[in-house]
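Geometric and topological summary
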Amino acid sequence: MNLSPINPNDALDITHALYAGTTGSCKSVATQKIGLISATDQVAFWDLYGQYKGKEFLGRKVRTYTTLKGFLMALHAGRKTKQGFKIAFTPNNPPKKKALIRELFLKVCGIVWAMGNGKHPKTLHFIAEEINRVTVSSGDEDSIYGEILEAGRKFNIMCHSVTQRLAPIPNTVIAMSGYKWIGRQDSVGDAERVAKEIQLKPADIMSLAKFKDEKGTHHEYYFKGTGFNNTVRNEFVFKNAA
Ligand SMILES: Nc1ncnc2c1ncn2[C@@H]1O[C@H](COP(=O)(O)OP(=O)(O)OP(=O)(O)O)[C@@H](O)[C@H]1O
Ligand SMILES: [Mg+2]
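Since this is a predicted model, take the numbers as computed values, not measurements. (Residues numbered from 1 in each chain as written. Chains lettered and ligands numbered in written order. Predicted model: local features only at pLDDT ≥ 70, side-chain atom pairs only at ≥ 80, totals over all residues. Heavy atoms only, no water.)

1. Remarks on the packing of helix α2 (residues 68-79) against helix α3 (residues 98-114)
Axes are the key here: two packed helices are described by the angle between their axes and the distance separating the axes. To keep it simple, the criterion reads: Geometry is summarised by axes, namely lines fitted to C-alpha atoms with helices restricted to the contacting stretch, and by angles between N-to-C directions that run from 0 to 180 degrees. Here a strand is any run of E in DSSP of at least two residues, a helix any run of H or I of at least four, and the numbering for each starts at the N terminus. For this classification, under 35 degrees means roughly parallel, over 145 means roughly antiparallel, 65 to 115 means roughly perpendicular, and everything else is oblique. For any pair of crossing helices, the crossing counts as left-handed if the nearer helix is rotated counterclockwise from the farther one by less than a right angle, and right-handed if it is rotated clockwise. Note on contacts: a residue pair qualifies if any of its non-hydrogen atoms lie within 4.5 Å across the two residues.
As a packed pair, α2 and α3 sit with axes 10 Å apart at the nearest point and diverge in direction by 20°. One finds that α2 runs roughly parallel with respect to α3. Between α2 and α3 lies a crossing of right-handed hand. On α3, the residues that touch Leu68, Phe71, Leu72 and Leu75 of α2 are Leu104, Lys107, Val108, Ile111 and Val112.

Below is the structure:
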């Protein structure tokens, strides 16, 4: 089994994505609804607290593995095919200390990195939930996670970084994630960190709201595609229970 990705392919056109917002702002909803991942895609998850355990993602059952070996074997088998899969890693007893959580996360990143193949017919999507809990600097992400963000594209890996906070996360994540989904923020520092990047004022981001009316519960967000001058304001609406 390879420990390094194979077939670097500069012709691949892949842009990573960042989803940032306070708890309950619809980040996880956005990973499914914003249209960057489809039901038939190959998706790997870093899911420390098991939010996908026994659940579906885009209508497909997520298979959760509690050991690195199980996760590796499942991904390896999945990548040998052209079929879609949804494979998550959730440890049985997640470590409590941040340094240990990071160590585990980087091992998972190493496994995902090794599954890269620039000639594979399918992109490998990697959803990294709550990256604010596994990153340690707001500067460079000098690790295998940074490697995925900087060189994953060539190996057909698309990284989806999900975070509750913006101020403390690495520049590498912000700069390398061309797609930015920004939901409600709780702190001025978080709004300021990303406003310029999506060509808005911090006040625009602070105006994002959650509200209820006769149509249902609205969760407002901004979404920026690749390139410039293309940030749009939109919302998810969940109908009120009958
Ligand atoms: N199908 C649905 N119907 C109604 N409400 C929903 C549905 N799916 C999600 N929600 C609501 O949308 C909100 C946001 O959910 P989501 O799990 O995406 O938040 P999040 O930003 O990922 O939060 P966290 O940081 O805690 O993971 C929650 O209040 C949830 O109850
Ligand atoms: Mg979530």
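Okay, back to it.
2. Details of the packing of aromatic side chains
Basically, it comes down to this: By convention, a stacked pair of Phe, Tyr or Trp rings (six-membered ring in the case of Trp) has centres within 6.5 Å and planes under 30 degrees apart, an edge-to-face pair has planes over 60 apart, and any other such pair is tilted. When accessible area is computed with a 1.4 Å probe and restricted to protein chains, residues below 20% of their type maximum are described as buried, those above 50% as exposed, and intermediate ones as partly exposed. By the criterion adopted, a ring carries a charge over it if an Arg CZ or a Lys NZ lies within 6 Å of its centre and within 35 degrees of its normal.
Counted according to the given criterion, the structure contains 13 aromatic pairs. Taken together, a centroid distance of 5.1 Å and an interplanar angle of 75° make the contact between Phe45 and Phe57 edge-to-face. Note that Phe45 is positioned in strand β2 (residues 42-46) and Phe57 in strand β3 (residues 56-57), a separation of twelve residues in sequence. Judged by relative accessible area, which is 0%, Phe45 ranks as buried. Taking the ring centre of Phe228 as reference, the NZ or CZ of Lys224 above it sits at 5.9 Å.

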